[in-house]
Amino acid sequence: MIDRREFIRKTGRGLILGGIIAGGGYLLLRPKTAVACDFDFICRDCRQLKSCSLPEADDFKNNTEHKLS
Amino acid sequence: MERKFNLGEQLMKKQIVIILFIILTGLQFSSTFAQQRFPKPEFESGHVQPLTITPDARAPILEYLDMVVLLASLSLVTWLVLNKRSRIGVFWMSIFSIAYFGFFREGCVCSVGSLQNIVLAIVNPNYNIPISVIVFFTAPLIFSLFYGRTFCAAVCPLGAIQDFFLLRPVNMKSWLQSVLGVIPYIYLGLSILYAATSTDFIICRYDPFIGIYRLNATFMMFALGGAFLLISLFIGRPYCRFLCPYGVLLNLTSRLSKKHMTITPAACIQCRLCGDSCPFGAIDKPVEAKAVENRRVSVKRYSWLILTLPLVIFIGGWTGASFHETLAKVNSKVRLASVILENPSVLDEDTTIDIDAFKESGQTSAELFMEAADIVSDFYLGGWILGGFFGLVFGLTLAKLTIIRYRMDYTPNKGECFSCARCMDYCPVEKDAIINNA
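Treat the numbers as computed from the prediction; the structure is a model and nothing was measured.

Peer 1: I would appreciate a short explanation of the packing of helix α4 (residues 60-84) of chain B against helix α5 (residues 87-104) of chain B in the present structure.
Peer 2: Any two packed helices are characterised by how steeply their axes cross, that is the angle between the axes, and by the distance between the axes. All names here are of chain B. At a minimum axis distance of 10 Å, the contact between α4 and α5 shows a crossing angle of 165°. One way to sum up the angle between α4 and α5 is to call them roughly antiparallel. Crossing hand, α4 versus α5: left-handed. On α5, the residues that touch Leu65, Asp66, Val69, Leu70, Ser73, Leu76, Val77, Leu80 and Val81 of α4 are Gly89, Val90, Met93, Phe96, Tyr100 and Phe101. Taken together, the residues that form the contact of α4 with α5 break down as 12 nonpolar, two polar and one charged.

This is the structure:
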C-alpha cells in the first residue's frame, strides 16, 4: 500500500523538478534579443563599475562619461 | 578511537590557526588600499596619467570551468555527507569553497544572487542571462531535491565562511529561531519584487560577505560583514538561518528530498548524545504520542485553517498593495519623478547625478512621469503578490503551530538541516561502526 506522505513527497519532487527543468530550458533556449541595455541599475549600483570592462559597462560608462569622471 | 573523540578540538585548533592566518594575510592588503587614498597628482608639464589597465572580462571557457567546479563540488560534498559520513571532509571542502568561490571568484556568480537574475529574465524577455547563471541557480536546488542541503554544507561560500568562524556555539531558544526564521521569506519577497521591477538587486547590494571576498567593501558593508562573522563565533550561520532568501527555496526542496543524511548509520539507540549537537537547532527531538486526538476535532480545526488561509492571503495582499507607493520609491526613476514633481525648479540646478543624467537623456518630464507611473502600477500588482505571499507565510506558520508530528528518534529537520555532518561525530553507533570496520 502506498504511503501517503511518500506519495505527496514524490509528487512534489516531480513537480518541482519538472518546473526547474522546464523553466531552465525555456530561459536557455528562448531566442536571444538584440543587445539593448535597459537595466542600467545593475551598472549604476555596481562598485566594480570603474574597473569593469564588460561591453555593457563600457556602454554605460560612455553614456555617463562626464558624470563618472 | 581516542583520536576520533578529539576531532572537534583538533578542528577548532585548526580553525583558530587558519583564522589568524587570514587576518594576518588580510592586513597585508592595507598597503594596496593606501595607494588609492589620494587622487593622482596633476603634472604641470602636461604629462597625462596613463589609463589603468583593467583585466578582460572572464573568458567563456572559464565560465564553463566554474560550472564544472560547482557540479564537482556538489557531487563531492554529497558523497562525503551521505556515503563517507565525514565531517572533516566537509570541513576541507568548505575551505576550498571559501578559497575558490569566495576569494578567487569573488563571490560571483553565486547561487543566492542568481535568483534575482532568473526572476528578471522571466519577467523581462529583453534580459538575457548566460547558462552559468541558470546552472548556479538550478543545480543546488536539484541536489537538494534529492540529497538535502549539501550545497549549504560546504559549497556556498557565504555559508562556509560563517561555518568556519563557528567556534563556541550557543543554542538559541526555539521560539526566537521561529520568529527570526520568518525574515528570509520577507527578504525573498522583497528581492523578487525589486528584481522583477528592474529596480535593484538587493541581495547583491546588501551581501555582507562579498566586500570581504573582494577586499573592496565600503566601511559600512565591511562592518556589517565583520559583525556577521563576529556573531557567527557563537550563533551558527546567522545569515543562512535568518536572512538567506535562497535558503527558503532550498528549505522547501530539501523537505522533499529522497535521500537525506541521517544522524545514525543504523537504528537509533536513544542515547540522546546528539540531542544538543547541532549548533543550528536543526535536530527534531522525539515526541511521544500521549493521546490520540479526536478525529472530528482535528478535521474541524483543519477545515477552519483551510477556510481562513485565503482570507489571510487577501488581507496580506491588500496591505501590500496599500504600501506600493512606498515600496516603489526605491526605484530611481520613481524617486526622480517624485523629486521633479515636488520641485520642478531642481531641473535648473545641476544638483545630483540623476538629474544631470535625466537632462542629458533628452527625455521630457512628462515622459518620465509616464514611465514612473507605469513602474508604480507594476508595484501595485507586485504589492498584491508580495502581500499575499506574506499572508500565506503567516497563515502557514500559524497552521504549523497546531500540527504535532510524533516521532520516535532524534532526526535531522530536513528543511533546516545544512548537512554539515557535525551530529554524526556524536553518535556512538557511528563510532562502533568505525571501530568494527577498523
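Additional details are given in the paragraphs that follow.
Peer 1: Which parts of the structure should I look at to understand the pattern of salt bridges?
Peer 2: Side-chain pairing between opposite charges can occur once the charged atoms of the two side chains come close. Residue and element names in this part refer to chain B. This model, assessed by the stated rule, comprises nine salt bridges over all chains. Between arginine 105 and aspartate 66 there is a salt bridge whose closest N-O contact spans 2.8 Å. Residue arginine 105 is found in the loop between α5 and α6 (111-123), and its partner aspartate 66 is found in helix α4; the two are separated by 39 residues along the sequence. Comparing arginine 105 with aspartate 66, the two get one shared label, buried. A salt bridge links arginine 407 to aspartate 284; its shortest N-O distance comes to 3.8 Å. With arginine 407 in the loop between α21 (365-402) and β2 (411-412) and aspartate 284 in strand β1 (residues 283-284), the pair connects residues that are 123 residues apart, well separated along the chain. Look at the salt bridges and you will find they share partners, linking Arg87, Asp163, Arg237 and Arg422 into a network.

What counts as what
Residues numbered from 1 in each chain as written. Chains lettered and ligands numbered in written order. Predicted model: local features only at pLDDT ≥ 70, side-chain atom pairs only at ≥ 80, totals over all residues. Heavy atoms only, no water. Axes fitted to C-alpha atoms, helices over the stretch in contact; angles between N-to-C directions. Helix = DSSP H or I, 4+ residues; strand = E, 2+ residues; numbered from the N terminus. Parallel < 35°, antiparallel > 145°, perpendicular 65-115°, else oblique. Left-handed = near helix turned anticlockwise from the far one by under 90°. Contact = heavy atoms within 4.5 Å. Nonpolar A, V, L, I, M, F, W, Y, C, P; charged D, E, K, R; others polar. Salt bridge = Lys/Arg side-chain N within 4 Å of Asp/Glu carboxyl O. Buried < 20%, exposed > 50% of the residue type's maximum accessible area, 1.4 Å probe, protein only.

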